[in-house]
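Fold and geometry: a report
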Amino acid sequence: MGRGDYNQHSVESKVHRTCCQKILEYFRMIRFSLRALTYNSFTSKSIVLDTAMEPIFWIVDRLSRKIGPIMVVLVVVLTTYVVSFFYIILLPYLWNRGQFGVITFHWFFGHWLLVNIVFHYYKGVTTPPGEPPQILSDTNVATICKRCVGPKPPRTHHCSVCNHCILKMDHHCPWLNNCVGHFNHRYFMLFCIYMWLGTLYVCISVWDIFAEEFFDAKKTFYSFFSGGLLLKTIEVYKATQTNGTTLSPETVEKLKNMGGLSFSDGMYHKVVCLEFFLCIGVMIALGALTAWHARLICRGETSVEKHINDDERKRLKKVNVIYKNPYDFGARENWRIFLGLGEGRTFTRHVLLPSSHLPLENGLEWHYQVTKGYICNKYP
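Moving on, we get to the side chain of Asn178. In this fold, Asn178 is placed in strand β4 (residues 178–180). We classify Asn178 as buried; its relative accessible area is 10%. Among the polar contacts made by the side chain of Asn178, one reaches the main-chain carbonyl oxygen of Gly124 at a distance of 3.2 Å. When sequence neighbours within four positions are dropped, the list of residues in contact with Asn178 reads Gly124, Val125, Thr127, Pro129, His172, Cys173 and Asn184.

Taken together, the buried positions of helix α6 (residues 207–214) are Ile209, Phe210 and Glu213. Mapping the buried residues of α6 onto a view down its axis gives an arc of 95°, with all of them on the same face.

How two aromatic rings sit relative to each other is given by the distance of their centres and the angle of their planes. Within this structure, the stated rule accounts for 21 aromatic pairs. Note on Phe119 and Tyr187: the rings are 6.3 Å apart at their centroids and 80° apart in plane angle, and the pair reads as edge-to-face. Note that Phe119 is positioned in helix α4 (residues 100–126) and Tyr187 in helix α5 (residues 185–205), a separation of 68 residues in sequence. Each member of the pair, Phe119 as well as Tyr187, carries the same accessibility label: buried. Of the aromatic side chains, those joined through ring pairs into one cluster are Phe86, Phe105, Phe109, Trp112, Tyr194 and Tyr201. In this arrangement the basic side chain of Arg97 is found over the ring face of Tyr93, its NZ or CZ atom lying 3.7 Å from the centre. Here the basic side chain of Arg155 rests over the ring of Trp366, its NZ or CZ set 4.7 Å away from the ring centre.

All of the buried residues in helix α12 (residues 331–339) are Asn334, Phe338 and Leu339. When α12 is viewed along its axis, its buried side chains cluster within an angular range of 120° and face the same direction. Taken together, the buried residues of α12 touch α5 and α10 (263–298). Two residues or fewer after α12 comes Gly340, characterised by a positive phi angle close to 70°.

Phi angles above zero are rare outside glycine, and Val149 is one such case at about 50°. Position of Val149 relative to the elements: it lies in the loop between α4 and β1 (157–159). Unlike most non-glycine residues, Lys168 shows phi in positive territory, near 45°. Judged by relative accessible area, which is 10%, Lys168 ranks as buried.

Looking now at the side chain of Asp170. Take Asp170: it is sitting in the loop between β2 (164–166) and β3 (171–173). Here Asp170 is buried and forms no salt bridge, its nearest opposite-charge partner Lys168 lying at an N-O distance of 7.1 Å. Discounting residues that sit within four places of it in the chain, Asp170 has contacts with Val180, His185, His293, Thr302, Ser303 and Val304.

Together, Tyr87, Ile88, Trp107 and Phe108 make up an exposed nonpolar region whose accessible area comes to about 500 Å². Broken down by secondary-structure element, the contributors of at least two residues to the nonpolar patch are α3 (54–96) and α4. With respect to the helices and strands, the residue Ile88 is situated in helix α3.

Another aspect to go through is the packing of α6 against α10. Remark: α6 packs on α10, axes separated minimally by 9 Å, with the N-to-C direction vectors making an angle of 130°. Relative to α10, the element α6 lies oblique. Here the hand of the crossing between α6 and α10 comes out left-handed. In this structure, α6 contributes Trp207, Ile209, Phe210, Glu213 and Phe214 to the contact, and α10 contributes Tyr268, His269, Val272, Cys273, Phe276 and Phe277. Residues of the contact of α6 with α10, tallied by class, amount to nine nonpolar, one polar and one charged.

It is worth spelling out the pattern of salt bridges at this point. Within the structure shown, the criterion is met by eight salt bridges. Taking the shortest distance from any N to any O, the salt bridge between Glu301 and Arg299 comes out at 3.4 Å. Its relative accessible area of 4% is what places Glu301 among the buried residues. Owing to a relative accessible area of 23%, Arg299 belongs among the partly exposed residues under this scheme. Two residues, Glu333 and Arg336, come together in a salt bridge whose shortest N-O distance is 2.6 Å. Of this pair, Glu333 and Arg336 are both found in helix α12, three residues apart, which corresponds to roughly one turn of the helix. Three or more residues joined by partner-sharing salt bridges are found here, namely Lys306, Asp310 and Arg313.

With that out of the way, let us pick up the nonpolar core. Nonpolar side chains in soluble globular proteins tend to end up buried together. If you look at the biggest cluster of nonpolar residues, it comprises 40 residues, and the most contacted ones within it are Phe85, Phe86 and Val202. Only α3, α4, α5, α6, α10 and α12 provide two or more residues apiece to this core. Residues in contact with Val202, not counting those within four places in the same chain, are Val82, Phe86, Glu275 and Cys279. In terms of nonpolar packing, the next biggest core, distinct from the first, is built from five residues, Cys159, Val161, Ile166 and Met169 among them.

Cut-offs and rules
All residue numbers refer to positions counted from 1 along the written sequence of the respective chain. Confidence filtering applies because this is a predicted model: local features only for residues at pLDDT of at least 70, side-chain atom pairs given and counted only at 80 or more, and all residues used for totals across whole chains, interfaces and linings. Where side-chain values are given, they derive from all heavy atoms of the structure, hydrogens and water being excluded. Numbered from the N terminus, helices here are DSSP runs of H or I no shorter than four residues, and strands are runs of E no shorter than two. Only protein chains enter the area calculation, which uses a 1.4 Å probe; residues under 20% of their type maximum are buried, those over 50% are exposed, and those in between are partly exposed. Counted as a polar contact is a pair of N or O atoms within 3.5 Å, where, for protein atoms, one must be capable of donating a hydrogen and the other of accepting one, and residues adjacent in sequence contribute only when both atoms are in side chains. We call two residues in contact whenever any of their non-hydrogen atoms come within 4.5 Å of each other. Along the arc lie the directions from the helix axis toward the C-beta atoms. In this scheme Phe, Tyr and Trp rings, the latter by its six-membered ring, pair at centre separations within 6.5 Å, and the angle between planes marks the pair as stacked below 30 degrees, edge-to-face above 60, and tilted otherwise. Think of it as a cone above the ring: NZ of Lys or CZ of Arg counts as a charge over the ring if it is within 6 Å of the ring centre and within 35 degrees of the ring normal. The charged-residue count follows a simple rule in which Lys and Arg add positive charge and Asp and Glu add negative charge, with His and chain termini not counted at all. A carboxyl oxygen of Asp or Glu within 4 Å of a side-chain nitrogen of Lys or Arg is what we treat as a salt bridge. In this analysis, a patch consists of residues with relative accessible area above 30% that form no salt bridge, clustered at 9 Å for like charges and at 5 Å for the nonpolar side chains Val, Leu, Ile, Met, Phe, Trp and Tyr. Computed by Shrake-Rupley with a 1.4 Å probe, the accessible areas treat only the displayed protein chains as cover when residues are assessed. Axis lines are fitted through C-alpha atoms, for helices just across the contact stretch, and the angle between N-to-C directions can take any value from 0 to 180 degrees. Orientation categories follow fixed angle ranges, with anything under 35 degrees roughly parallel, anything over 145 roughly antiparallel, 65 to 115 roughly perpendicular, and all other angles oblique. Take the far helix as your reference; a near helix turned counterclockwise from it by less than a right angle gives a left-handed crossing, and one turned clockwise gives a right-handed crossing. Ten residues, namely Ala, Val, Leu, Ile, Met, Phe, Trp, Tyr, Cys and Pro, are considered nonpolar, four, namely Asp, Glu, Lys and Arg, are considered charged, and the remaining ones, Gly among them, are considered polar. Note on terminology: a nonpolar core comprises buried Ala, Val, Leu, Ile, Met, Phe, Trp, Tyr and Cys residues joined through side-chain atoms within 4.5 Å.

This is a description of form; function is not addressed.
Given below as structure tokens:
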């Protein structure tokens, strides 16, 4: 390669390197500009994750608004079904056996449970959870919600489904089609407790009828599989083995009855089994939910505050500070405050019986105790 070719190659290499450097420089400038425009000292991994999950949250929020009324109707229908079972099947069953003392017990205890369930569910659905005033001077707080740009008192959080802030928000409940907050939290919890007691009570009460029906193997088989292809095939095969290739009128009638179980007997069997399995399923699921919320109340926190308090415990543990929830005054006192027992109110009159009394706090200002050595991280 001659000297002229070498010089030309050297010039081309310098031009190539210069172009690459300029492109890389422009890329760095663009990246720096984007970072400068989007930089936020409060940004964290959790905020980035929340931002990335926004499309999913949007879908869930819109879906919750749509299915809320359906869930309320479902609760009413299933509760009506369980109550109707008592009047139509259980009470006549006990009457025919002369168990009048048991009937009297069911009449009073069952209706006490029913009144409490209906009352607290109705109040939980229809009672507004509470919103902070839109005038800042009425709240005595300096924090502002970044979503609805309104005053945000302590323990207040924004509900993306309701699209506004809720006083002492716990969660948005699709079964109530309402937020669970300061003014209806007690109704929600007592509904869960009384409904769980009701399902346990039903399971115990209908056990004798359920055992008679479900543990009769032949009746259960014909009740649940009558009309099925497998059972019809077996019956037809037996009939053809006995009578040849033709079916006699007696065999056709037998196929209609499917083993001698009439339509009414089959329906009775299905209704009894459905009653028991429905109640035991709800009892297990609702029992777990009620236990979770009872634990939160014992600790003086809501579902939202649990996550905040867990983060605070981890943060302060690094500086050797043991964090304590400022609204935790001990399990007994927490329940007293939660149930609104004060100012002459009693457990018998205002918990065991339906009561529309208001909470002790106004939802804007709270009694609290600060952890010794607490270092504030950010405003709530």
